[in-house]
Amino acid sequence: MTTRVNLLSRRLIAPLRLAALLSLLVSVGVFFAGAGEAQATPSCAVLSTGAASQADAAVRSACGLIGTPYSWGGGHGSQPGPTYGLCDSANGAPNDCNVRGLDCSGMVRYAYYLAVGQDVINGTTRTQWPTSRAVARYYRSDGTAPLLPGDLVYFGNTASTIHHVAMYLGQGWIVEAPYSGGYVRVVALSSHSDYYGAIRLYGPGNSTPTTPPPPSNGGQYWVDTNANAPVYGSPTSTTSTGTLYQGTNYVYCKAWGREVSNGSAYNHWWLKTDPDVGPGGQWVSAYYLSRWGNDVAKDNSGTTIPTCEGGGTPPATGKYWVDTFASASVYSSPTSTNATGTLNQGTNYVYCKAWGREVSNGSSYNHWWLKTDSDGGPAGQWVSAYYLSRWGSDQAKDNNGTTIPDC
């Protein structure tokens, strides 16, 4: 038996179709009405009043860079402006040495250079943030209400983890060089969740930044380097960040750091410079200076390069301070097996190192021996670098990370 279903009459179908269409149009209208409530990205411009004329000019300069390719390390040459960056897969930039552009700190550096004709904010994000040029400084706890166009806004959970900078436009918007593969653009400041703080380089009323007095030579010391030299982020770092080419280069100041050596030639001094490849404000070993000898850091005219503010200095009276994790036996030579006394656990000084017999326990070992004055026993004895607290197998460094020199 077949069951018959009564279909809707044709007269009812048309009104139902009309009702459905009206419902769809209402839904679409509601959707677009809601979308319209979201603020559209504005054109790059000075978006609020009250900033110094230099800051407004910097905003206009930054806006002129819209569309410039991002390049990791780009913009950190000896002069501000786009440069080829660094190929660094670890930082998400596997091809940036082939991209001519700007990274975030290079972009704000160049924008201010175009605006005021001076290189007022060189360096990376972490070295820009503490600059003494800032006439005002704000933190996350201050909110964003005090910000004015041209302020440089920094991102990171702490000062030591700052990783990004952008320029404030006003009304909650920033211009930034975002990431490898991207381009200079305008986004909302709130699109970043880790706003740390901001600095202002020029105050309202056209005040100028406070600048530490430069040396009489303008702050640059010219030196000859005998080879292309790797540069590093600090005088103790072992990870190269770029290259300073062979030739005549300028440096700013010096700091004591890890030893660079070859045969009888060595140097512990490191010189702050802007390399040919890589970010500005990096360090090159004075080992590469053509005109001078071991542990000398002078410019081509023979002037001793000044020590950087806060820079390390040579150990006093040739002593290198080290922490030992236990009381250790000392010996009369690096090969002796007859103990002559004891060096107590704690912070002790040593003079130099020599290769000797292995001291080991499990997977830990060390062949370096350090000349020292023991706590119990005669002076000028030897303790194994195995007992150093801060370093691994076959390492002999002081507490600052400086390689202890050979005896």
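Residues numbered from 1 in each chain as written. Predicted model: local features only at pLDDT ≥ 70, side-chain atom pairs only at ≥ 80, totals over all residues. Heavy atoms only, no water.

### What about the layout of surface pockets?
Here is the rule we go by: Grid points spaced at 1 Å and placed over the protein atoms alone form the basis of the search, with a cavity being a set where a 1.4 Å probe fits but cannot get out and a pocket an open set showing protein on both sides within 12 Å along at least five of seven lines. Lining residues have an atom within 4 Å of a point. Grid points are joined across faces, edges and corners, and a volume is the space filled by probe spheres set on the points. Put simply, DSSP marks the helices as runs of H or I at least four residues long and the strands as runs of E at least two long, and each gets a number from the N terminus on. Under the scheme applied, nonpolar residues are Ala, Val, Leu, Ile, Met, Phe, Trp, Tyr, Cys and Pro; charged residues are Asp, Glu, Lys and Arg; polar residues are all the others, including Gly.
Its volume calculated, the second largest pocket comes out at about 670 Å³. If you go around the second largest pocket, you meet 28 residues; those closest to its centre are Trp-72, Thr-124, Thr-241, Pro-279 and Gln-282. For the lining of the second largest pocket, the secondary structure elements donating two or more residues are α3 (104–116), α4 (125–128), β11 (240–244) and β15 (282–285). Tallied by class, the residues present in the lining of the second largest pocket amount to 8 nonpolar, 16 polar and 4 charged.

### Thoughts on the nonpolar core
Under the convention used in this document: Residue types Ala, Val, Leu, Ile, Met, Phe, Trp, Tyr and Cys, when buried and joined through side-chain atoms within 4.5 Å, form a set referred to as a nonpolar core. Partly exposed residues are those whose accessible area sits between 20% and 50% of the maximum for their type, while under 20% is buried and over 50% is exposed, using a 1.4 Å probe and protein chains only. Residues are treated as being in contact if the distance between any of their heavy atoms lies within 4.5 Å.
One finds Met-107, Tyr-112, Leu-152, Met-167, Leu-169, Ile-199 and Leu-201 to be the most contacted residues of the largest nonpolar core, which totals 38 residues. At the level of elements, α2 (53–63), α3, β4 (152–155), β5 (164–170), β6 (173–176), β7 (185–188) and β8 (195–200) are the ones that each hand at least two residues to this core. Top contributing element to this core by residue count: α3, with 6 residues. Non-local contacts of Tyr-112, meaning those with residues more than four positions away in its chain, are made with Gln-54, Ala-55, Ala-58, Gly-117, Gln-118, Val-120, Ile-121, Gly-150, Leu-152, Met-167, Leu-201 and Tyr-202. In this structure, Trp-269, Tyr-288, Val-322 and Trp-368 belong to the second largest nonpolar core, which totals 28 residues.

### A short note on the packing of aromatic side chains
Think of a pair of aromatic rings as described by two things: how far the centres are apart, and how the planes are tilted against each other in angle. To keep it simple, the criterion reads: Here a Phe, Tyr or Trp ring, Trp counted by its six-membered ring, pairs with any other such ring whose centre lies within 6.5 Å, and the pair is stacked when the planes are under 30 degrees apart, edge-to-face when over 60, and tilted otherwise.
All told, the structure shown has 18 aromatic pairs when counted by the stated rule. Considering the side-chain rings of Trp-129 and Tyr-139, the 5.6 Å spacing of their centres and the 80 degrees angle between planes classify their relative orientation as edge-to-face. Here Tyr-139 lies in strand β3 (residues 136–139) and Trp-129 lies in the loop between α4 and β3, a separation of 10 residues in the sequence. Residue Trp-129 is classed as buried on the basis of its relative accessible area, which comes to 6%. Given the relative accessible area of 35%, Tyr-139 is considered partly exposed. Ring geometry for Trp-129 and Tyr-196: centres 5.3 Å apart, planes at 75 degrees, overall edge-to-face.

### Quick look at the environment of Ile-121
Within the element layout of this structure, Ile-121 appears in the loop between α3 and α4. Here Ile-121 falls in the buried class, since its relative accessible area comes to 1%. Leave out the neighbours within four places in its chain, and Ile-121 touches Val-108, Arg-109, Tyr-112, Gln-128, Thr-131, Leu-152, Ile-199 and Leu-201.

### Looking at the side chain of Thr-273
What counts here: Here a polar contact means two N or O atoms within 3.5 Å. Within protein one must be a hydrogen donor candidate and the other an acceptor candidate, and residues neighboring in sequence count only if both atoms are side-chain atoms.
When you line up the elements, Thr-273 lands in strand β14 (residues 265–273). From its side chain, Thr-273 meets the backbone oxygen of Tyr-250 in a polar contact 2.7 Å long. Contact partners of Thr-273, with chain neighbours within four places excluded, come to Leu-244, Tyr-250, Val-251, Tyr-252, Gly-280, Gly-281, Gln-282 and Val-284.

### What to know about α3
To be explicit about the condition: For a helix, the expected span equals 1.5 Å multiplied by the number of residues minus one.
Its 13 residues give α3 an end-to-end C-alpha distance of 19 Å, which sits within 8% of 18 Å, the value for a rise of 1.5 Å per residue. Regarding α3, the residues found buried are Cys-104, Ser-105, Gly-106, Met-107, Val-108, Arg-109, Tyr-110, Ala-111 and Tyr-112. Tucked into the core, α3 has its buried residues touching α2, α4, β4, β5 and β6.

### Brief notes about the environment of Gly-81
Note that Gly-81 resides in the loop between α2 and β1 (83–84). For Gly-81 and Gly-106, which are 25 residues apart along the polypeptide, the C-alpha to C-alpha distance reads 7.3 Å. Excluding residues within four positions of it along the chain, Gly-81 makes contact with Gly-75, Leu-102 and Tyr-110.

### Topic: the sheet that holds β7
One key point about sheets: their strands pair by backbone hydrogen bonds, in either a parallel or an antiparallel sense. To keep things clear, this is the line we draw: Whether two strands pair comes down to DSSP finding at least two bridges between them. Comment: axis = line fitted to C-alpha atoms, over the contacting stretch for helices; angle = value between 0 and 180 degrees taken between N-to-C directions.
The 6 strands lie next to each other as β3-β8-β4-β5-β6-β7, forming an open sheet whose pairing is antiparallel. The sheet is open, and its two edges are formed by β3 and β7, each paired on a single side. The sheet shows a mean angle of 30 degrees between the axes of neighbouring strands, taken without regard to direction. Here 4 bridges tie β4 to β5, and the two strands are oriented antiparallel to one another. Across the sheet, the residue bridging to Tyr-154 is Val-165, located in β5. Contacts between α2 and the sheet are confined to β5 and β6, with β5 contributing the most and set at about 115 degrees to the helix. Seen against the sheet, α3 touches β4, β5 and β6 and runs at an angle of roughly 45 degrees to β5.

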